[in-house]
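Listed below are the residues making up each chain.
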Amino acid sequence: MIYFRYAFRELQRHPGRWLISLLSVVIAVAAIVAVSSATVTTRMAYQQVFEALSGRADLEIVAHGGGHFNQGIAEKIREVPGTRAIVPVFHRGTIVYGDDDKAKALAVGFVPDNPESLAGLEIVEGKLPERINEIAIQSSLASALGLKVGSRPRLLTSSGLRTFTVSGIVEPETAARLRQGGMVLARLDGLQRVFRSRDAVDALQILLPEEADAHDAISSYARVLPSELKAQVPSSRSGLAEETLLLTQVSLNMASALSFTTAVFIVLSVFLMSVGERRQQLATMHAVGATRRQIVRMISAEAFLMGIGGTVFGIPLGVYGGSFLIRVMGSLLQTNLPPAPDLRWAIGTGAVVGPAICLLASWFPARRAARVSPLEGMRPVVDMEQRRPRRRTTAIGVIGLALSLLLALGTMRGYLPVFAAIVALIISLVATVLLIPALLGPVVALVGYPLRRVFGLEGEMSQRIVMRRLTRSSLTIGVLLMAVSASIGTGNAVFSITEDVRSWYERTITADFLLRPMMPEMTGEQAASMSESFGKQLSAMQGVKMVDSISMARVDAGGQEAMLVARDFSLYDQVPLDLIGGDPEVVLRKLRDGATVVGSVLAERIGVEPGDTLRIVFGEQSHEFPVAAIATEYTFGGSILSLDREVAKKLLHVEGVNTYLIQARPESIVQLEPKLAALADENGLLLQSFTELWRVINSMVTGVTGGLWVLLALGLVVGGLGVINTLTMNVLEQTREIGMLRAIGMRRRQIVKTVLGQAAVLGVIGVLAGAACGLSLARSINLTLGSTFGRYVPFVMRPEFVALLVIAGLAIVMLAAIFPARRAAQLSPIEAMRQE
Amino acid sequence: MEHVIEAHGLTKVYEGEVAVHALRGIDLFVPPATFVAIMGPSGSGKSTLLHILGALEPPTDGRLLLEGTEIGKLSDEERTLLRRRRIGFVFQQFNLLPIFTAVENVALPLRLDGVAESEARKRASEALAMVGLEHRENHLPSKISGGEQQRVAVARALVTKPAIILADEPTGNLDSAAGERVIAMLRGLVDEQRQTLVLVTHDPAVASRADRVIHVRDGHIDEDSERPEEEIPAATGARPPR
């Protein structure tokens with residue numbers, strides 16, 4: 001307990017200094033909690049959907065690319081030895097209309113005499129549907145719409161709105177309750193009929209005996225399956241959705257890794273200073289009998305207390321930030337994620353991270369404190385710091401830099417997972433900071449030259465004082481470097497991405513209105529399609545200039561899952577895609593002639609370039625298409641193919657319309673909207689106006705950039721607090737010297753200049769080096785993400801942003817110096833010289 | 001100007017829980033080219049007197065004139081400039097800047113006063129030569145002995161050719177040989193450069209080299225004795241400036 005009492009007193013003695021460290025720990029804990037709770041929530045939501053949909057199947061038979069196929073194949077599969085059960089899968093997105101309200105839902109087909117097709121569902125009221133016009137409805141959905149057993153809701157289907165009778169209420173056994181909408185259970189043959197997919201299934205799930213080996217089974221099924229079908233382990237289906245998540249998660253994880261590293265550095269520098277300052281005290285303790293281990297424990301207790309403080313304040317902040325991130329991710333993914341993150345996880349993470357940062361950062365200072373000899377306490381501290389950089393530190397720095405370069409190269413070439421880039425990032429920053437002592441001499445001389453010119457003798461003194469405290473100066477520069485480079489690195493990356501998203505939307509959204517049955521499902525399941533005649537009805541409306549019908553289908557492109565988007569390119573004068581290179585007019589012509597444009601992520605993954613051909617498989621159809629161009633895509637993780645609708649219909653049999661894009665005559669937009677809204681309501685469709693989409697995107701971008709600015713400001717403030725800390729320490733340590741200087745005639749103004757000069761040296765080096773590191777960081781984040789996702793987001797170098805950060809950084813450093821400088825100037829020479 | 005230092009009824013009270021009367025009405029008149037030694041037990045007020053004489057802190061009451069200038073009427077800035085140009089300090093702890101070499105430390109008061117670096121360095125070299133340390137010019141304080149450090153401090157005190165040199169136990173941290181050398185040097189400054197030296201010491205041997213010895217006790221001047229010139233040992237060790 002004595003450790004904690006001592007630690008507590010120490011914290012009380014220098015509240016300002018410990019507040020700085022606490023703030024940095026709070027920020028790091030909050031960032032990590034927010035990011036992890038958002039990531040975990042999104043992952044869990046996905047997992048629940050897949051569990052609910054793929055049940056407990058051991059294997060599934062699907063078409064290459066995911067289109068539907070004839071269920072007749074089940075007979076052949078049944079003959080393969082070891083098949084325990086086969087469950088046909090048929091899922092369609094729909095909208096359920098109650099008396100007053102409507103809701104999105106997933107219509108799931110089941111086979112009444114196949115008990116396995118109900119796995120994971122349990123009937124809580126009424127009975128299972130027996131007739132084809134009966135449905136069982138998920139309890140949450142039923143209560144939301146006020147439906148009971150016997151109610152007669154309508155369902156939006158491919159053959160229009162159909163009325164069903166509720167025969168029972170079901171409840172999933174797993175917690176698969178997304179707000180996205182509930183589940184509606186109906187007889188398979190009935191659903192197939194209303195969705196105009198007679199005998200078609202999305203997949204066949206296969207249950208194997210307990211002891212069966214899935215891989216052996218896959219090869220035995222492959223022998224009986226036609227070439228367009230394949231057997232696979234169910235989870236692989238999540239691939240498309242996972243890609244969408246990965247980009248966001250990698251960026252978020254990078255940001256939290258940076259805040260973690262910065263916090264470790266700030267805490268490390270504070271502890272090193274504190275231990276340096278308490279050398280005599282520690283030596284005295286040692287002399288009166290404290291063992292080395294006790295001294296280490298004492299310092300660790302301080303660190304632990306601070307870690308706990310950081311955790312206590314950081315977790316609520318992180319939980320709040322997490323809920324904001326979840327909303328942002330939800331709008332990125334165009335779905336509603338469950339709002340409440342798993343708080344246990346967040347608290348657990350925060351509780352570990354806070355103390356971990358502090359204990360990690362205090363380890364080296366604690367060891368240093370333990371090595372203080374008892375005799376040191378008895379003599380005045382003359383020169384406790386080494387003036388030459390340690391060789392070992394420099395060597396570790398060089399090795400670290402080389403290692404991070406290798407990791408980054410590995411990620412860029414695709415040999416390593418993208419998370420290796422985060423490790424590389426941290427290692428490179430730490431290595432750079434370790435190299436500062438070795439580089440400081442020449443750099444200070446360089447920076448000091450103009451300083452000496454401007455400040456004269458005071459400039460020269462500042463320069464020498466900075467060099468005299470090599471470790472302390474290096475740590476301060478390191479903290480500034482971290483704060484500035486992290487700000488510029490993530491800032492530039494975020495700006496590049498948001499800029500890219502905006503320009504993508506600008507080029508690809510050519511319509512004024514979007515009409516579709518429902519928001520695109522996050523799983524990429526097929527949405528209910530609308531009839532083609534509806535399009536004609538739309539075109540005939542007054543004020544409508546153009547109607548583009550879009551069909552979407554999950555296909556297999558060169559062995560990868562992708563979303564095929566077929567549209568009427570003949571309607572356009574300009575290609576409505578964000579092309580990467582290529583002449584837009586030529587590409588448009590080629591698209592009309594039957595070529596495809598491939599999304600950048602997909603293109604990178606399957607290695608196609610303009611001029612190649614690409615085999616696209618949809619259900620039983622397959623065809624080779626020339627690749628006209630590569631385009632930037634953000635939806636479905638960028639795994640998108642564009643084809644002309646007529647071509648897709650003819651060569652791949654892609655039918656139905658999933659979205660109508662409506663372009664209005666500019667003068668009639670206002671009048672058209674209420675008419676379209678009424679039409680949408682009548683047919684149970686969703687109308688989105690372009691301006692509404694813009695609003696959504698803009699608010700998302702504003703939210704992200706707003707959050708970024710807050711983080712940047714916090715980062716710079718923490719850097720500034722670090723400078724206050726260092727300069728205050730320098731002034732305290734130089735009290736006697738300042739007293740003597742005042743005695744022999746140094747003016748207060750000159751003293752102020754000396755302290756400001758130190759800030760200028762530290763600030764200029766830290767901020768400028770940080771800007772340089774930040775820019776290369778931004779570039780490498782860009783390259784790493786680009787090569788992994790195949791989408792080379794154009795690197796937007798924003799000179800005004802970098803300049804703003806540099807100026808703000810320097811301003812904060814100089815502002816931070818004012819307090820210690822005034823303190824130094826106000827020292828009375830006599831008092832100062834009395835100081836030991 | 002008859003006296004370099006002219007003090008009338010200097011009083012210093014340190015306020016606190018218990019007020020400490022460090023000086024209780026000191027009158028002191030020092031003519032030019034005089035070596036005054038101030039002696040007295042610990043806490044007698046001798047260091048306080050020296051600090052007030054050096055314009056480092058103001059008296060609570062009384063008047064102080066240095067070279068005819070009334071110190072009480074000066075602003076902090078003016079006092080600073082007066083210290084820089086007319087007073088040289090030598091401290092017991094040497095108080096050299098560890099970041100500067102010997103010659104840079106000596107040049108410091110000149111550079112603070114805006115003297116060009118080359119000129120300041122030249123004059124600092126001359127001052128170091130006067131104290132016999134020309135071979136230590138480019139050494140950092142941590143690389144030379146205590147005696148040498150104190151001689152650097154003396155060189156710093158005399159580089160501006162001040163009218164008054166104030167020394168607070170300059171030999172307190174030195175062995176007797178090094179102490180003797182420093183005192184001989186200071187004596188030489190008074191005899192040859194006609195500067196006024198006020199020196200606080202505990203050491204009767206050091207006081208024996210002074211023209212006048214003042215004993216301070218409980219904030220009063222207890223005894224003020226002038227010594228005939230023939231009794232004072234001659235200066236040794238200091239060389240005339242080149």
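Residues numbered from 1 in each chain as written. Chains lettered and ligands numbered in written order. Predicted model: local features only at pLDDT ≥ 70, side-chain atom pairs only at ≥ 80, totals over all residues. Heavy atoms only, no water.

### A short note on the overall build of chain B
Stated precisely, the cut-off is as follows: Strands are runs of DSSP state E lasting at least two residues, helices are runs of H or I lasting at least four, and both sets are numbered from the N terminus onward. Only protein chains enter the accessibility calculation, which uses a 1.4 Å probe; a residue is then buried when its area is under 20% of its type maximum, exposed when over 50%, and partly exposed in between. Contacts: residue pairs with any heavy atoms within 4.5 Å of one another. Note on areas: these come from Shrake-Rupley sampling with a 1.4 Å probe, and a residue is covered only by the protein chains present in the view.
When helices and strands are tallied, chain B shows seven helices and ten strands. Counting only residues that meet the buried cut, chain B has 56% of its 242 residues in that class. Considering only contacts within chain B whose residues lie at least 6 apart along the sequence, 71% involve residues at least 24 apart. Here chain B displays about 10100 Å² of accessible surface, and carbon together with sulfur accounts for 47% of that area.

### With respect to the interface of chain B and chain A
Quick note on the threshold: The buried area of a pairing is the accessible area, by a 1.4 Å probe, that goes missing from both parts when the two are put together, added over both. The term salt bridge refers to a side-chain nitrogen of Lys or Arg lying within 4 Å of a carboxyl oxygen of Asp or Glu. Side-chain atoms alone can form a polar contact between residues adjacent in sequence; in general such a contact is a pair of N or O atoms within 3.5 Å, and within protein one must be able to donate a hydrogen while the other accepts it.
Taken together, the contacts link 26 residues of chain B with 25 residues of chain A. Note on chain B versus chain A: buried area summed over both sides is about 2500 Å², and carbon and sulfur give 58% of it. Taken as a group, B:Ile99, B:Arg111 and B:Leu112 account for 23% of the area that chain B buries against chain A, more than any other trio of residues on that side. One can count six salt bridges joining chain B with chain A. Here B:Asp76 ties to A:Arg748 by a salt bridge, and the two come within 2.9 Å at their closest N and O atoms. Taken together, the connections running from chain B to chain A amount to eleven residue pairs in polar contact (both at pLDDT 80 or more). If you tally residues by element for the side of chain B that touches chain A, the top one is helix H2 (residues 76–86) of chain B, at six residues.

### Re the environment of A:Met285
Relative to the helices and strands, A:Met285 resides in helix H8 (residues 279–287). In this structure, the C-alpha to C-alpha distance between A:Met285 and A:Ile295, residues ten residues apart in sequence, is 8.3 Å.

### Here we look at the environment of B:Ala184
Mapped onto the elements, B:Ala184 comes out in helix H6 (residues 176–193). Distance in space between the C-alpha atoms of B:Ala184 and B:Arg209 is 8.3 Å, their sequence separation being 25 residues.

### Concerning the pairing of strand E10 (residues 220–226) of chain B
Note the threshold: Strand pairing requires that DSSP identify at least two bridges connecting the strands.
Sheet topology note: the strand E9 (residues 212–217) of chain B/E10(B) ladder contains six bridges and is antiparallel. Within E10(B), the position partnered with B:Val213 by the bridge is B:Ser225.

### Section: the nonpolar core
The condition is simple: Among buried residues, those of type Ala, Val, Leu, Ile, Met, Phe, Trp, Tyr and Cys that are joined through side-chain atoms within 4.5 Å constitute a nonpolar core. Domain start and stop positions are those given by an automatic or database domain assignment.
B:Ile5, B:Leu64 and B:Leu108 are the most contacted members of the largest nonpolar core, which has 113 residues in total. With ten residues, the top contributor of residues to this core is helix H7 (residues 239–277) of chain A. For this core, the two domains that each supply at least three residues are domain 1 (1–54 + 240–384) and domain 3 (401–419 + 432–508 + 696–836) of chain A. Other than its neighbours up to four places away in sequence, B:Leu64 contacts B:Ile5, B:Glu6, B:Ala7, B:Leu10, B:Ile52, B:Leu53, B:Thr69, B:Glu70, B:Ile71 and B:Gly72. Formed by 42 residues, the second largest nonpolar core is a distinct cluster that contains B:Leu110, B:Val131, B:Leu158 and B:Ala167.

### Focus on H6(B)
Residue and element names in this part refer to chain B. Filter applied, for reference: What a helix should span is 1.5 Å times the count of its residues minus one.
For H6, spanning 18 residues, the distance from its first C-alpha to its last is 25 Å, which sits close to the expected 26 Å at 1.5 Å a residue. Buried residues of H6: Ala178, Gly179, Val182, Ile183, Ala184, Met185, Leu186, Arg187, Gly188, Leu189 and Val190, and no others. Summarising the contacts, the buried residues of H6 are in contact with strand E3 (35–39), helix H4 (117–130), helix H5 (146–158), strand E7 (164–168), strand E8 (196–200) and helix H7 (204–207). Measuring from the side-chain oxygen of the N-cap residue of H6 to the backbone nitrogen of Ala177 gives 3.2 Å; that N-cap residue is Asp175. Downstream of H6 by a residue or two, Arg194 has a phi angle that is positive, lying close to 60°.

### As for the confidence of the model for chain B
Residue and element names in this part refer to chain B. Defined as follows: For every residue, the pLDDT score states the predictor's confidence, bounded by 0 at the bottom and 100 at the top.
Looking at chain B, the pLDDT average stands at 87 and 93% of residues meet or exceed 70. Within chain B, no element has a lower average pLDDT than H2, which sits at 87, and none a higher one than E3, at 95. With pLDDT under 50 throughout, residues 237–242 is counted as low confidence; its partners more than four residues away or in other chains account for ten contacts. What the predictor reports for the complex is a pTM of 0.64 with an ipTM of 0.73.

### Brief notes about the pattern of salt bridges
Under the counting rule described, the total for this entry stands at 30 salt bridges over all chains. Measuring nitrogen to oxygen at the nearest pair gives 2.7 Å for the salt bridge that ties A:Arg187 to A:Asp189. Salt-bridge contacts for B:Arg123 lead to B:Glu119; the nearest nitrogen and oxygen are separated by 4.0 Å. A residue pair is termed a helical-turn pair when its members lie 3 or 4 positions apart in one helix, as B:Arg123 and B:Glu119 do in helix H4 at four residues. The class of B:Glu119 is partly exposed, set by a relative accessible area of 31%.

### Notes on a nonpolar patch on the surface
Residues and elements named next belong to chain A. Put simply, the test is: What makes a patch is a set of residues exposed beyond 30% relative accessible area and free of salt bridges, joined within 9 Å when like-charged and within 5 Å when nonpolar (Val, Leu, Ile, Met, Phe, Trp, Tyr).
A cluster of nonpolar residues, Phe4, Phe304, Ile308, Val312, Phe313 and Leu359, forms a patch on the protein surface that exposes about 500 Å² of accessible area. Take the nonpolar patch: its biggest share by element is four residues, from helix H9 (residues 292–332). Relative to the helices and strands, Phe4 is located in helix H1 (residues 2–13).

### Considering the sheet that holds E3(B)
Residue and element names in this part refer to chain B. To keep things clear, this is the line we draw: Here, axes are lines fitted to C-alpha atoms. For helices the fit covers the stretch in contact, and angles between N-to-C directions go from 0 to 180 degrees.
Read across the sheet, six strands follow the order E6-E7-E8-E3-E9-E10 without closing on themselves; strand pairing throughout is mixed. At either end of the open sheet lies a strand with only one pairing partner, and these are strand E6 (87–90) and E10. Looking at each pair of strands side by side, their axes are set apart by 15° on average, direction ignored. Those strands touched by helix H1 (residues 46–53) are E3, E6, E7, E8 and E9, and its axis lies near 150° from that of E7. In the packing of H6 onto the sheet, the strands contacted are E3, E7 and E8, and the crossing angle to E8 comes to about 150°.

### Overview of the packing of aromatic side chains
Geometry of an aromatic ring pair is reported as the spacing of the ring centres plus the angle between the planes. What counts here: Between rings of Phe, Tyr and Trp, where Trp is taken as its six-membered ring, a pair exists when centres lie within 6.5 Å; planes separated by under 30 degrees are stacked, by over 60 edge-to-face, and by other angles tilted. Ring-over charges, as used throughout, are those where CZ of Arg or NZ of Lys falls within 6 Å of the ring centre and within 35 degrees of the ring normal.
Enumeration over the complete set of coordinates arrives at two aromatic pairs over all chains. With a centroid separation of 5.8 Å and an interplanar angle of 55°, the aromatic rings of A:Phe534 and A:Tyr660 are classed as tilted. Of this pair, A:Phe534 sits in helix H15 (residues 532–539) while A:Tyr660 is found in strand E23 (residues 659–664), placing the two residues 126 residues apart along the sequence. You'll find A:Phe534 and A:Tyr660 in the same group, each marked buried. Geometrically, the ring pair formed by B:Phe89 and B:Phe91 is stacked, given 5.8 Å between the ring centres and 0° between the ring planes. Above the face of the A:Phe455 ring, A:Lys753 is positioned so that its terminal group lies 5.9 Å from the ring centre.

### Here's the deal with the sheet that holds strand E1 (residues 59–63) of chain A
Residue and element names in this part refer to chain A. Sheet architecture is open: four strands sit in the order E3-E13-E1-E14, paired in antiparallel fashion. Among the strands making up the open sheet, the edge pair consists of strand E3 (85–89) and strand E14 (229–232). Here the strands of the sheet are splayed against their neighbours by 20° on average, with no regard to which way each runs.

### Digging into unusual backbone geometry
Residues and elements named next belong to chain B. The phi torsion at Ala55 lies on the positive side, around 60°, for a residue other than glycine. Among the secondary structure elements, Ala55 is positioned in the loop between H1 and strand E4 (61–66). We classify Ala55 as buried; its relative accessible area is 2%. The phi dihedral of Asp218 is positive, around 50°, even though this residue is not glycine. Mapped onto the elements, Asp218 comes out in the loop between E9 and E10.

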